[in-house]
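Topology and contacts: notes
Listed below, chain by chain, are the residues.
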Amino acid sequence: MSDTLLEIENLETHYGKIHALRSISFSVREGQIVTLLGANGAGKSTTLKAISGLIRSTSGSIRYLGEDITRKPAHEIVQMGLIHVPEGRKIFKGMTITENLELGSFTLDDDAERKRRMDHVFDIFPVLHERKSRDSAFLSGGEQQMLAIGRSMMTNPKLLLLDEPSMGLAPFLVQQIMKIVLRLNKEGVTILLVEQNAKVALKLADHGYVLETGKIVIRGSARTLQQDESIVKAYLGEQ
Amino acid sequence: MSIQDILLQQLANGLILGSFYALVALGYTMVYGIIKLLNFAHGDLYMLGSFVGFVILSILSPYIGNSWAGILCSMVLSMIAVGLFGVLIQRIAYVPMLSAPRLSILITALAVSMVLYNGVMAFTDGQYLAFKTDLGFEGLEFGNVFITYTQMILVGASIILMIVLYLFVHKTLYGKAMRAIAIDQDACRLMGINVNKIIALTFFIGTSLAAAAGIMAGTYYGSIHFFMGFVIGLKAFTAAVIGGIGSIPGAMLGGLLLGLLESFGTQIPFIGTEWKDVFSFGILILLLVFKPTGILGKTEIERM
């Protein structure tokens, strides 16, 4: 068995009076693709934000690479190779594609390495290369998602948190993005994938967790989750 | 004087005035761009820059004189000192207010402004100080118009500062991070950018540009006063809005444009120099009515 990369224990978060996460525990092993599923408002994005340090959790612990990162500021967590591609992509509109990618490698001092990583991103996403000097605001939804993933690759991630990369995309684009997620995983990146599109996510994943109103209600291997008709119907919707 | 001479003279005056406005407007617009704060103390930092420059020049002049070498040295030192002071103000007065309602931080900025000009007033007994330099009055004649080397060098220096800023913001990673923070702070955190550090850097750069303008104004007008930052603060704010607040090229353009409009405005029959301020704030009002986003400003899309 491979090593545990990320270990979440009894994690709780609040937004004001709203209790967003209720004692969540799960782990991600190195090399895996793990998916968090659930309806809107179940707490999937909140979980990712708590891990990457964008929001502070009220109690519980987050361990990454054996270190407690629960109280670490977001920009320091990035330096440990844990990268979060947020919901809605959050690309820097008004800046060019190249500039977006350069900012992805902000923590890097080595210009030659920056160029090498950028070439790698352009190799995976040729469409970004074609438009590299254009304002990213003019990209389509799928291209923006590619840029967001490409930008995260500039940081040379060990663990990638992907928040709904399929959101708002046409089915063939969803397939394309999922292929890329698989390719990154083959290249050695561990992936924690948040999805509403359960069918697509379970196809890639090794393990899945289903969240409902801030609690993990089902956990299991992707295969078991996929085969259990009642689970798919009750929690994942028919898609 | 022929009409051409008058126009040329006003062009020269307008460029000088405009480059002061532009340098001060840059700080306004950069700070607004990243934390949506209208730093009303910014004009007073320009004033403080000229006073700090004055003190440094008085100390240095026995050794290097108070010609260009002395002015340049005191300008650089004053830019660093006042720039760091700007960061200190940000840490003490603004950071604790960032999570408070928008109005609270605005009032804090007004308070900082009052502390600064009252402080300098107390130190100087409210007197004008002579900003002594030996720059001479040589220059070039264009027809009947005489433009001194000092005027040309001051305009040249502000243009150089603006070019350096532009290159910094567009060509370096730190500059790009500054622009990115104006777009999305959370996304910046996820890139490993220490947002607080970049905000401090922005205050440093904005404040030091205002300090540079303060020393140039001292050099140009020959005297400085604790209240000199008030009107230029308002004018620079106007310039930033004209160019489109939050936009760096907009602040440069807005500053130069406002300076030129003011100079030429004084030549319109029945509108003398005493109407100068009415003229520029009139332009501001017209602009706010017809193009509230400014010349280079973008319409802000409210995010959900």
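Below, the structure is looked at part by part. Worth saying up front: this structure is predicted, and the values here are computed from it rather than measured.

**Re the overall build of chain B**
Tallying secondary structure elements over chain B gives 11 helices and four strands in all. By the compact-globule yardstick of 19 Å for 304 residues, chain B fits well, its C-alpha radius of gyration being 19 Å. Dimensions of chain B, computed from the C-alpha atoms along their principal axes, are close to 60 × 50 × 40 Å. Each of the 304 residues in chain B was classed as buried or not, and the buried ones make up 50%.

**Focus: the side chain of Ser50(B)**
Tracing the backbone shows Ser50(B) in helix α2 (residues 42-64). Apart from residues lying up to four places away in sequence, Ser50(B) is in contact with Phe131(B), Gly214(B), Ile215(B), Ile224(B) and Met228(B).

**Digging into the pairing of strand β3 (residues 145-148) of chain B**
When strand β2 (residues 139-142) of chain B meets β3(B), the two strands line up antiparallel, connected through four bridges. Counterpart to Glu141(B) in the pairing with β3(B) is Phe146(B).

**Here's the deal with the layout of surface pockets**
Residue and element names in this part refer to chain B. In this structure, the second largest pocket encloses a volume near 380 Å³. In terms of lining residues, the second largest pocket is bounded by 16 residues, among which Tyr 46, Tyr 221, Met 228, Val 231 and Ile 232 are the most central. Of all the secondary-structure elements, those providing two or more residues to the lining of the second largest pocket are α1 (3-35), β4 (223-224), α9 (228-243) and α11 (276-290). Class assignment of the residues belonging to the lining of the second largest pocket gives a composition of 11 nonpolar, two polar and three charged.

**Quick look at the sheet that holds strand β7 (residues 159-163) of chain A**
All names here are of chain A. Strand order in the open sheet formed by six strands is β6-β7-β8-β3-β9-β10, with mixed pairing between adjacent strands. Two strands in the sheet have a free side with no partner beyond their single neighbour: β6 (82-85) and β10 (215-221). Adjacent strand axes in the sheet meet at a mean angle of 15° when their direction is disregarded. In terms of strand pairing, strand β9 (residues 207-212) meets β10 through six bridges, oriented antiparallel. Residue pairing for β10: His 207 is matched across the bridge by Ser 221. Together, β3 (33-37), β6, β7, β8 (190-195) and β9 form the strand contacts of helix α1 (residues 44-52), whose direction differs from that of β7 by roughly 145°.

**Examining the nonpolar core**
Judged by nonpolar contacts, the single largest core of 92 residues is most densely connected at Tyr94(B), Leu165(B) and Ile193(B). Element by element, the count of residues in this core is highest for α1(B), at 15 residues. Grouped together as the second largest cluster of nonpolar side chains are 44 residues, Ile83(A), Met118(A), Phe125(A) and Leu169(A) included.

**Digging into the interface of chain A and chain B**
Each side of the interface is counted separately: chain A has 23 residues, and chain B has 19 residues. At the boundary of chain A with chain B, total buried surface from both sides reaches about 1,900 Å², with 70% on carbon and sulfur atoms. Taken as a group, His75(A), Phe92(A) and Phe106(A) account for 32% of the area that chain A buries against chain B, more than any other trio of residues on that side. Inspection of the chain A/chain B interface yields three salt bridges. Taking the shortest distance from any N to any O, the salt bridge between Glu102(A) and Lys176(B) comes out at 2.4 Å.

**Notes on the packing of helix α3 (residues 97-104) of chain A against helix α4 (residues 111-124) of chain A**
Residues and elements named next belong to chain A. Direction vectors running N to C along α3 and α4 enclose 125°, while the axes themselves pass 10 Å from each other. Taken together, the axis directions place α3 and α4 in an arrangement best described as oblique. As α3 packs across α4, the resulting crossing turns out to be right-handed. Taken together, the residues of α4 that come into contact with α3 (itself represented by Thr 98, Leu 101 and Glu 102) are Arg 114, Met 118, Val 121 and Phe 122.

**Focus on the packing of α2(B) against α9(B)**
Residue and element names in this part refer to chain B. Contact pair α2 / α9: the axes reach a minimum separation of 7 Å and the direction vectors enclose 135°. When the interaxial angle is binned, α2 and α9 end up oblique. In this structure, the crossing between α2 and α9 has a hand that is right-handed. In contact with Gly 43, Asp 44, Tyr 46, Met 47 and Ser 50 of α2, α9 contributes Met 228, Gly 229, Ile 232 and Gly 233. Of the residues assigned to the contact of α2 with α9, the class counts are four nonpolar, four polar and one charged.

**Considerations on the sheet that holds strand β1 (residues 4-15) of chain A**
All names here are of chain A. Judged by pairing direction, the sheet is antiparallel, and its four strands sit side by side in the order β2-β1-β4-β5 without closing on themselves. Edge positions in the open sheet fall to β2 (18-29) and β5 (67-68), since each of these has one partner strand only. Two elements, strand β4 (residues 59-64) and β5, share two bridges in a ladder whose sense is antiparallel. Among the inter-strand pairings, Arg 63 is bridged to a residue of β5, identified as Asp 68.

**Observations concerning the environment of Ser140(A)**
Residue and element names in this part refer to chain A. The residue Ser 140 is located in the loop between α5 (126-130) and α6 (141-153) in this model. Judged by relative accessible area, which is 35%, Ser 140 ranks as partly exposed. When the C-alpha atoms of Ser 140 and Arg 219 are compared, they prove to be 35 Å apart, with 79 residues separating the residues in sequence.

**Here we look at α1(A)**
Residues and elements named next belong to chain A. Of all nine residues making up α1, eight are buried, and the element is well covered by its neighbours. The set of residues buried in α1 consists of Lys 44, Ser 45, Thr 46, Thr 47, Leu 48, Ala 50, Ile 51 and Ser 52. Two residues or fewer past α1, Gly 53 is found with a positive phi of approximately 90°.

**With respect to a nonpolar patch on the surface**
Residues and elements named next belong to chain B. On the surface, a cluster of nonpolar side chains totalling about 540 Å² of accessible area is made up of Leu 8, Leu 11, Leu 140, Phe 142, Tyr 149, Met 152 and Ile 153. Breaking the nonpolar patch down by element, the ones donating at least two residues are α1, β2 and α5 (149-171). When residues of the nonpolar patch are assigned to their parent elements, the largest contribution, three residues, is made by α5. Position of Ile 153 relative to the elements: it lies in helix α5.

**Some words on the pattern of salt bridges**
Within this structure, the stated rule accounts for 16 salt bridges over all chains. In this structure, Glu99(A) and Arg179(B) form a salt bridge, with 3.1 Å as the shortest nitrogen-oxygen distance. Taken together, the positions of Glu99(A) in helix α3 and Arg179(B) in helix α6 (residues 173-183) put the pair across two chains. Arg179(B) shares its class with Glu99(A); the two are buried. Here Glu143(A) and Arg131(A) are joined by a salt bridge, their closest N and O atoms 2.8 Å apart. You can see Glu143(A) sitting in helix α6 and its partner Arg131(A) sitting in the loop between α5 and α6, a full 12 residues away along the chain. Under the relative-accessibility criterion, Glu143(A) is labelled buried at 12%. Relative accessible area serves as the criterion here: at 26%, Arg131(A) is assigned to the partly exposed category.

Reading the values: the criteria
- Residues numbered from 1 in each chain as written.
- Chains lettered and ligands numbered in written order.
- Predicted model: local features only at pLDDT ≥ 70, side-chain atom pairs only at ≥ 80, totals over all residues.
- Heavy atoms only, no water.
- Helix = DSSP H or I, 4+ residues; strand = E, 2+ residues; numbered from the N terminus.
- Rg over C-alpha atoms; globule rule 2.2 N^0.38 Å.
- Buried < 20%, exposed > 50% of the residue type's maximum accessible area, 1.4 Å probe, protein only.
- Contact = heavy atoms within 4.5 Å.
- Pairing = 2+ DSSP bridges.
- 1 Å grid on protein atoms, 1.4 Å probe; cavity = no way out; pocket = protein on both sides within 12 Å on 5 of 7 lines; lining within 4 Å.
- Points joined across faces, edges and corners; volume = space filled by probe spheres on them.
- Nonpolar A, V, L, I, M, F, W, Y, C, P; charged D, E, K, R; others polar.
- Axes fitted to C-alpha atoms, helices over the stretch in contact; angles between N-to-C directions.
- Core = buried A, V, L, I, M, F, W, Y, C linked by side-chain atoms within 4.5 Å.
- Buried area = accessible area lost by both parts, 1.4 Å probe.
- Salt bridge = Lys/Arg side-chain N within 4 Å of Asp/Glu carboxyl O.
- Parallel < 35°, antiparallel > 145°, perpendicular 65-115°, else oblique.
- Left-handed = near helix turned anticlockwise from the far one by under 90°.
- Patch = residues over 30% accessible without salt bridge, like charges linked within 9 Å, V, L, I, M, F, W, Y side chains within 5 Å.
- Areas by Shrake-Rupley, 256 points an atom, 1.4 Å probe, with all protein chains shown as cover.

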